[in-house]
Amino acid sequence: KNMAGDTPIAFGLHPNAEIDFRTQQSNSLFKTLIALAPQEVSSEEGAATPEQVAKATASEILDKFGDKHFDVEELVRSLEEDPGPYQNVFIQEMEVMNVLLSEIKRSIKELELGFLGELTMSDSMEAL
């Protein structure tokens, strides 16, 4: 029940192999922690804060996909014959993309409300 972890000797390796593995693992962990830590913003002119970068990216995404919507019904009506397997897959993928685009737009609008301080807890946020 109290089993020790695998040792390098069990795999035919030198005992120092574990030291190297643990060192690499620790370095990776600390690099990740440093990357996730809040960064100080320089006072140089033109340096964007993380919030400004997020706002710009959100606006850019909404500009690209704001009114995009695949009209699946129109496509089905335009087919001259019954759709084959490839057309069925294409239609299903269009429906999935419509759902994905709707969720992206909803999330970005929610993010923008959060930036403005006007966001209240929604049911989906509460579920998280």
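Computed from a prediction, not measured in an experiment: that's the story for all the values here. (Residues numbered from 1 in each chain as written. Predicted model: local features only at pLDDT ≥ 70, side-chain atom pairs only at ≥ 80, totals over all residues. Heavy atoms only, no water.)

*Asks:* Honestly, the overall build of the protein in this entry has me stumped. Any pointers?
*Replies:* Assigned secondary structure in the protein consists of five helices and zero strands. Element order for the protein, N to C, with α for helix and β for strand: α-α-α-α-α. By residue count, 9% of the 128 residues in the protein fall in the buried class. Of all intrachain contacts in the protein linking residues separated by at least 6 positions in sequence, the fraction that spans at least 24 positions is 50%. (Helix = DSSP H or I, 4+ residues; strand = E, 2+ residues; numbered from the N terminus. Buried < 20%, exposed > 50% of the residue type's maximum accessible area, 1.4 Å probe, protein only. Contact = heavy atoms within 4.5 Å.)

*Asks:* Which parts of the structure should I look at to understand the confidence of the model for the protein?
*Replies:* The predicted coordinates should not be examined in detail at positions where pLDDT is low. Confidence in the prediction of the protein, expressed as mean pLDDT, is 81, and 88% of residues score 70 or more. Per-element averaging of pLDDT across the protein places helix 5 (residues 123-127) at the bottom with 75 and helix 4 (residues 85-116) at the top with 90. (pLDDT = per-residue confidence, 0-100.)

*Asks:* Mind showing me how you'd approach the side chain of Lys105 here?
*Replies:* Mapping Lys105 onto the fold places it in helix 4. Salt bridges are absent for the buried Lys105, whose nearest opposite-charge side chain, Asp67, sits at 6.3 Å. Discounting chain neighbours no more than four positions away, the residues touching Lys105 are Leu62, Phe65, Gly66 and Lys68. (Lys, Arg positive; Asp, Glu negative; His and termini not counted. Salt bridge = Lys/Arg side-chain N within 4 Å of Asp/Glu carboxyl O.)

*Asks:* What is the right way to read the environment of Leu62 from this model?
*Replies:* Inspection of the secondary structure puts Leu62 in helix 2 (residues 50-65). Setting aside anything within four residues of it in sequence, one finds Leu62 in contact with Lys105, Ile108 and Glu112.

*Asks:* So what exactly am I meant to see when it comes to the packing of helix 2 against helix 4 here?
*Replies:* Any two packed helices are characterised by how steeply their axes cross, that is the angle between the axes, and by the distance between the axes. One way to put it is that helix 2 packs onto helix 4 with a least axis distance of 10 Å and a crossing angle of 145 degrees. Here helix 2 runs over helix 4; the crossing is left-handed. Of the residues in helix 4, those in contact with Glu51, Ala54, Lys55, Ala58, Ser59, Ile61, Leu62 and Phe65 of helix 2 are Leu101, Ile104, Lys105, Ile108, Leu111, Glu112 and Phe115. Across the contact of helix 2 with helix 4, the residue classes break down as ten nonpolar, one polar and four charged. (Axes fitted to C-alpha atoms, helices over the stretch in contact; angles between N-to-C directions. Left-handed = near helix turned anticlockwise from the far one by under 90°. Nonpolar A, V, L, I, M, F, W, Y, C, P; charged D, E, K, R; others polar.)

*Asks:* Please clarify how the environment of Val76 should be interpreted in this entry.
*Replies:* Relative to the assigned elements, Val76 resides in helix 3 (residues 72-78). Residue class for Val76 comes out partly exposed when judged on its relative accessible area of 37%.

*Asks:* Help me understand a nonpolar patch on the surface, please; the structure alone is not making it clear to me.
*Replies:* The grouping of Phe70, Val96, Met97, Leu100 and Ile104 at the surface amounts to a nonpolar patch, some 390 Å² of accessible area in total. Within the secondary structure, Ile104 sits in helix 4. Owing to a relative accessible area of 31%, Ile104 belongs among the partly exposed residues under this scheme. (Patch = residues over 30% accessible without salt bridge, like charges linked within 9 Å, V, L, I, M, F, W, Y side chains within 5 Å. Areas by Shrake-Rupley, 256 points an atom, 1.4 Å probe, with all protein chains shown as cover.)

*Asks:* How do you make sense of the side chain of Asn98 when you look at a structure like this?
*Replies:* Here Asn98 lies in helix 4. Among the polar contacts made by the side chain of Asn98, one reaches the main-chain amide nitrogen of Phe70 at a distance of 2.8 Å. Apart from residues no more than four positions distant in its own chain, Asn98 is found in contact with His69, Phe70 and Val72. (Polar contact = N/O pair within 3.5 Å; in protein donor to acceptor, adjacent residues only side chain to side chain.)

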